[in-house]
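Commentary on secondary and tertiary structure
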Amino acid sequence: MPLTEPAPAPALTRAPVPPFAARARSVGGSPVRDILAVTARPEVINFAGGLPAPELFDREGIAAAFEEVLAQSPERALQYSTTEGEPTLRAALAARVTGRGLPTDPDDLLITTGSQQALSLLATALLEPGDTVLVEDPCYLAALQVFGLAGARVVAVPGDADGVDPAALEEAVRRERPKLLYLVPTFQNPTGRTMPAPRREAIAAVAARAGLWIVEDDPYGELRYDGEHAPWIASLPGAEDRTVLLGSLSKVMAPGLRLGWLRAPAGLRRACAVAKQAADLHTPTLNQLAAARYLDVLDAHVARVRSVYGARRDAMLAGLPGALPAGSRWSRPEGGMFLWVRLPESYDTVALLPRVVEQNVAYVPGAPFYAGTPDPATLRLCFVTQTPEEIAEGLRRLGRGLEQGLGG
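None of the values given here were measured: they were computed from a predicted structure. (Residues numbered from 1 in each chain as written. Predicted model: local features only at pLDDT ≥ 70, side-chain atom pairs only at ≥ 80, totals over all residues. Heavy atoms only, no water.)

Structural notes on the layout of surface pockets
Using a probe with the size of a water molecule, rolled over the atoms, empty space left in the structure can be pinpointed. In this model, the second largest pocket occupies a volume close to 530 Å³. For the second largest pocket, the lining is made up of 27 residues, of which Asp160, Ala161, Thr191, Arg193 and Ser331 are closest to its centre. Residue assignment for the lining of the second largest pocket shows that the elements contributing at least two residues are strand S5 (159-160), strand S6 (163-164), strand S11 (329-330) and strand S12 (338-342). Considering only residue class, the lining of the second largest pocket consists of nine nonpolar, seven polar and 11 charged. (1 Å grid on protein atoms, 1.4 Å probe; cavity = no way out; pocket = protein on both sides within 12 Å on 5 of 7 lines; lining within 4 Å. Points joined across faces, edges and corners; volume = space filled by probe spheres on them. Helix = DSSP H or I, 4+ residues; strand = E, 2+ residues; numbered from the N terminus. Nonpolar A, V, L, I, M, F, W, Y, C, P; charged D, E, K, R; others polar.)

Rendered as structure tokens:
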């Protein structure tokens, strides 16, 4: 019987896969991350990133905390945990918050995988597509990304050197009917400014009258080098039941541990816990337990960091007059990590950046931080990652780059 050839396989047809979600198509990546990727060469003095100084990480102290946890309670440290967070860490953080003027119980806190996750959880719990969020102008860039991915309308509220203007806020609330106001009132990213206590009281009063959530982000509050402490908005009359306070161990302990927290009214905190269950179940148990032990010595470490960062801020302030063109203005922050610079009208910091990078120094242009109309002459400088000598050299390079860029 003759053998028959098998029938040829039908040609494979390939239909296109469905498109990405609209929110993924409409929100871009972080310009700061893009700049860091371009300027990762070791010869570049990088004022662009908001990174803590790695040489100041307490490697021995953190390693000892991890070793102690793994030696004494490995079964617990390596196991799943509760979504709300390890009780020992929540208790220690609640004591710190209480000690800084805001009475807090451990159950008032939800541990998050960095305070950036807290923003995402709040967006999930509070925002429907099309809802309006009010922000400072300029604003923390990653918050703009979170609200954009949630499909929110982001509206900038006018302000001044003290932050959001209360009268402008009240008008924006009447006009826009927002769900929430997002603020970094202490050593703001990107400007470094701090909202004084009377302005905070006025903001709290507007939120009380208008029915508005306030998200008070405080990643830098313990990094104060001079000036007077201002109370959290969450502690002020009228704001107690409508303010979410966000905190982080990234800037004072180590960002690689990805440990943050939120303090919120009970109903909203429960909604955020449900959102977190869907996101990652819980923040890593081992990191939480090690951090809880390390908090016993954190104050001494923070004091050392403040001393070093304060000297670096002073070095940058001392070098700016000789580096920047005549007519430039800049902030003088009492703490935090950033300075905000405005060059004369003829300068465009986005267009100038490639010429500045040729001088092996980098900054972040100010334009991406604006939810409203950007100011092209602005830029952000981070002063904590370099030594005073590196800062002085970096500013000399910056001055050359700005001069050559404008001339070219």
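There's plenty left to go through after this.
Comments concerning the pattern of salt bridges
Throughout the structure, instances matching the rule amount to 27 salt bridges. Two residues, Arg293 and Glu68, come together in a salt bridge whose shortest N-O distance is 2.7 Å. Of this pair, Arg293 sits in helix H11 (residues 285-294) while Glu68 sits in helix H3 (residues 59-72); the two residues are 225 residues apart in sequence, bridging distant segments of the chain. Since its relative accessible area comes to 34%, Glu68 is described here as partly exposed. Across the salt bridge formed by Arg193 and Glu136, the nearest N and O atoms sit 3.8 Å from each other. (Salt bridge = Lys/Arg side-chain N within 4 Å of Asp/Glu carboxyl O. Buried < 20%, exposed > 50% of the residue type's maximum accessible area, 1.4 Å probe, protein only.)

A look at helix H9 (residues 197-210)
The terminal C-alpha atoms of H9 lie 20 Å apart, and with 14 residues this matches the ideal 20 Å at 1.5 Å per residue to within 8%. Three or more residues of H9 are buried, namely Arg199, Arg200, Ile203, Ala204, Val206 and Ala207. All buried residues of H9 project into a common sector of 160° when viewed along the axis, lining one side. Those residues of H9 that are exposed and angled more than 90 degrees off the buried face are Pro198 and Arg209. (Expected span 1.5 Å × (residues − 1). Arc of directions from axis to C-beta.)

Considerations on empty space enclosed by the protein
One pass over the structure, following the stated rule, counts two cavities of 30 Å³ or more. When its volume is computed, the largest cavity comes out at roughly 170 Å³. Taken together, 16 residues line the largest cavity, and the ones lying closest to its centre are Arg100, Glu222, Gly247, Ser248 and Trp261. Only helix H5 (87-99) and strand S9 (243-248) provide two or more residues apiece to the lining of the largest cavity. Residue classes in the lining of the largest cavity are distributed as nine nonpolar, three polar and four charged. In this model, the second largest cavity occupies a volume close to 50 Å³. Taken together, Pro52, Ala53, Leu56, Phe57, Ser250, Lys251, Val252, Met253, His301, Val305 and Tyr309 make up the full set of residues lining the second largest cavity. Taken together, the residues of the lining of the second largest cavity sort by class into eight nonpolar, two polar and one charged.

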